[in-house]
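# Topology and contacts: notes
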Amino acid sequence: MNPFEMFETNDDLEKDGVWQNFGSFKVLLARSGGRNTSWYKEVSKAAKKAGKATFDAIDTDEKVDIIRTIFCKSVIKDHQVKNEDGEWEQGVYIKENGKPVVVPFNTENMKKCLEQLPEYFNKLQEWADNYKTFQEKIEEDQVKN
């Protein structure tokens, strides 16, 4: 096997995203970095807004919140839930008054979901960081399933 067969990714998948389906909800994930120029722009904006030359110079506590925001703005391209009829519609689960509820998909609601479910955020980051998520073969397999 040559290195292109092992490591080449699909530029469009990196930019436009790949669906990760969880049954009753799904998320369209672009790559954190790679060909996703939106991600780089958001990182740069965040560093400038924080008054730092680079993202690494930002305080750790502030960085966690900023990373979630960057992720929601540039990596999560869409989030959908199944409605009562079993059809997909835009939306995201958050917990209100101790119960999961579906709210409109937007940056703030998605960020709230990831704050409430840090393990979900960790899993999404893992996929968005992994080049294998954006390989043509993986996309073909997802279409079949």
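Below you will find a few notes about this structure.

The rules we used
- Throughout, residues of each chain are indexed from 1 in the direction in which the sequence is written.
- With pLDDT at 70 or above as the cut-off, local features in this predicted model cover only qualifying residues; side-chain atom pairs require 80 or more to be listed or tallied, and sums for whole chains, interfaces and linings still use all residues.
- Only heavy atoms go into the side-chain values, all of them from the structure, while hydrogens and water stay out.
- What counts as a salt bridge is simple: a side-chain nitrogen of Lys or Arg found within 4 Å of a carboxyl oxygen of Asp or Glu.
- By definition, any uninterrupted DSSP run of H or I lasting at least four residues is a helix, any uninterrupted run of E lasting at least two residues is a strand, and each is numbered from the N terminus.
- Residue burial is assigned from relative accessible area. The probe radius is 1.4 Å, only protein chains are included, and a residue is buried under 20% of its type maximum, exposed over 50%, and partly exposed in between.
- Like-charged residues within 9 Å of one another, or nonpolar side chains (Val, Leu, Ile, Met, Phe, Trp, Tyr) within 5 Å, are grouped into patches, provided each residue has over 30% relative accessible area and no salt bridge.
- All accessible-area figures derive from a Shrake-Rupley calculation using a 1.4 Å probe, and residue coverage is judged against the displayed protein chains alone.
- In summary, the charge assignment counts Lys and Arg as positive and Asp and Glu as negative, without counting His or the chain termini.
- In this description, the location of a charge corresponds to atom NZ of lysine, CZ of arginine, CG of aspartate or CD of glutamate.
- Any two residues whose heavy atoms approach within 4.5 Å at even a single point are treated as in contact.
- Here the aromatic set is Phe, Tyr and Trp, taking the six-membered ring for Trp, and pairing holds for ring centres within 6.5 Å; pairs whose planes are under 30 degrees apart are stacked, those over 60 apart are edge-to-face, and all others are tilted.
- Multiplying 1.5 Å by the helix residue count minus one yields the expected span of that helix.
- Regarding the arc, it is the one traced by the directions from the helix axis to the C-beta atoms.

Right, let's talk about the pattern of salt bridges for a bit. Overall, the coordinates contain five salt bridges when judged by the stated rule. The residue arginine 31 makes a salt bridge to glutamate 14 at a minimum N-O spacing of 3.1 Å. Of the two residues, arginine 31 sits in the loop between β2 (25-29) and α3 (37-49) while glutamate 14 sits in helix α2 (residues 11-16), which places them 17 residues apart along the sequence. Given a relative accessible area of 15%, arginine 31 falls into the buried group. For glutamate 14, a relative accessible area of 2% puts it in the buried group.

Where like charges cluster on the molecular surface, the negative patch consists of Glu84, Asp85, Glu87 and Glu89. Among the structural elements, glutamate 89 can be located in strand β4 (residues 88-90).

Notably, asparagine 97 is not glycine yet its phi reads approximately 50°, a positive angle. Its place among the elements puts asparagine 97 in the loop between β5 (92-96) and β6 (99-103).

Residue position: glutamate 42 is located in helix α3. Glutamate 42 sits in the buried class, given a relative accessible area of 15%. Beyond its immediate chain neighbours, meaning those up to four positions away, glutamate 42 contacts Ile70, Lys73 and Ser74.

Turning our eyes to something else, we now look at the packing of aromatic side chains. Throughout the structure, instances matching the rule amount to eight aromatic pairs. With a centroid separation of 5.7 Å and an interplanar angle of 80°, the aromatic rings of phenylalanine 22 and tyrosine 120 are classed as edge-to-face. Note that phenylalanine 22 is positioned in the loop between β1 (18-21) and β2 and tyrosine 120 in helix α6 (residues 118-129), a separation of 98 residues in sequence. According to the relative accessible area criterion, phenylalanine 22 is partly exposed, its value standing at 32%.

Here the focus is α6. Along its 12 residues, α6 runs 16 Å from first to last C-alpha, staying within 8% of the 16 Å computed at 1.5 Å per residue. Tyr120, Phe121, Leu124 and Ala128 are the residues of α6 that are buried. Seen end-on, α6 carries its buried residues on one side only, within an arc spanning 100°.

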